[in-house]
Amino acid sequence: MIHNSVLVLGASGGLGQAMVKKFLADPKVDLVVAVSQQIQASVPELPVRDDLVWIQSEYHEQAMAEVIVQLDPFKATFSRVCICHGILHDADMRPEKRFEDVSAEVLRKIFQANSIVPALWLKLLHRILQGKQPCIVAVFSARVGSTADNRLGGWYAYRASKAALNSLLQTYAVEYARRAKNIKLIAFHPGTTDTQLSKPFQASVPEGKLFTTDFVADQLAQIMASAELDGQLSFLDWEGKTIPF
Ligand SMILES: NC(=O)c1ccc[n+]([C@@H]2O[C@H](COP(=O)([O-])OP(=O)(O)OC[C@H]3O[C@@H](n4cnc5c(N)ncnc54)[C@H](OP(=O)(O)O)[C@@H]3O)[C@@H](O)[C@H]2O)c1
């Protein structure tokens, strides 16, 4: 009988994988469900085992809704959800240094992955999370999404996509507080962490400030364990410190 499940969305990334591993090692967790656009065989660090369900999916709304149908047997057992999606660069795009670099194509691509996909999950997840089981939902955001903190400029699309994400999360938090009081939302900044996403920028990270994914997974698991169902969105960094919006 499954009592306590965890859901990791965007599970093949550096931080997604670390969250899956962290929860698999937790004796209080019966089952980890991982959702990714990748097949499980492409993530050798997460081999097949009975307490890990891997669901491969695309990220358009119909495919995501079908994932929710597959999760129905575990309805109301989820105590933790991590939404790990996020892109900053790929073979064809680099973060903008100046406004001449801004392009509609890059804005669309980055908003799709960083803001729209998490927003659709939060719409669809309500049906399977709502209930008596307290459920902490951590969505990977970033400090650069803080408008109050934006003194450096640059990184137009990524920065704006995370600010939009935070705004969407705040609006979800208001409605979830009315319609699903068992759910708490956290916008989480992991700090600069050694993954594909940060690879091109790691040279400028000060000594001791580039975190391992295991360290960040430990920090987030602790933050989630001490979170309260207060009906509010918290914007927290890896130390559990509040970041201004
Ligand atoms: N690493 C850092 O220094 C750092 C700093 C601040 C914030 N963050 C945030 O932390 C989160 C995890 O990043 P990471 O460092 O683990 O990066 P990563 O290793 O590059 O992982 C990329 C993540 O994005 C998902 N993804 C890739 N393309 C996507 C698309 N087109 N649509 C939707 N999802 C897509 C992947 O999910 P699949 O498994 O489905 O491919 C995976 O969860 C992101 O939100 C990132 O912005 C990271």
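Everything below is about the structure printed above this text.
Now for a quick tour of the structure. This structure is a prediction, so every number in the text was calculated from the model and none was measured. (Residues numbered from 1 in each chain as written. Predicted model: local features only at pLDDT ≥ 70, side-chain atom pairs only at ≥ 80, totals over all residues. Heavy atoms only, no water.)

### A word on the site of the ligand
Near the ligand, the surroundings consist of 29 residues, among which Gly10, Ser36, Tyr59, Tyr158 and Thr195 are the closest. The separation between an oxygen atom of the ligand and a polar main-chain atom of Ala11 is 3.4 Å. Protein contact buries 88% of the 890 Å² of open area that the ligand shows by itself. Within the residue set of the shell around the ligand, elements represented by two or more residues are helix 1 (14-24) and helix 4 (156-179). Each residue belonging to the shell around the ligand can be placed in one class, and the counts come to eleven nonpolar, 17 polar and one charged. (Near = heavy atom within 4 Å. Polar contact = N/O pair within 3.5 Å; in protein donor to acceptor, adjacent residues only side chain to side chain. Areas by Shrake-Rupley, 256 points an atom, 1.4 Å probe, with all protein chains shown as cover. Helix = DSSP H or I, 4+ residues; strand = E, 2+ residues; numbered from the N terminus. Nonpolar A, V, L, I, M, F, W, Y, C, P; charged D, E, K, R; others polar.)

### Brief notes about the pattern of salt bridges
Throughout the structure, instances matching the rule amount to twelve salt bridges. A salt bridge links Arg151 to Asp149, with the nearest nitrogen and oxygen atoms 3.7 Å apart. Here Asp230 makes a salt bridge to Lys184, at a shortest N to O gap of 2.9 Å. Of the two residues, Asp230 sits in the loop between helix 5 (213-226) and strand 7 (233-237) while Lys184 sits in strand 6 (residues 183-189), which places them 46 residues apart along the sequence. For Lys184, a relative accessible area of 3% translates into the label buried. (Salt bridge = Lys/Arg side-chain N within 4 Å of Asp/Glu carboxyl O. Buried < 20%, exposed > 50% of the residue type's maximum accessible area, 1.4 Å probe, protein only.)

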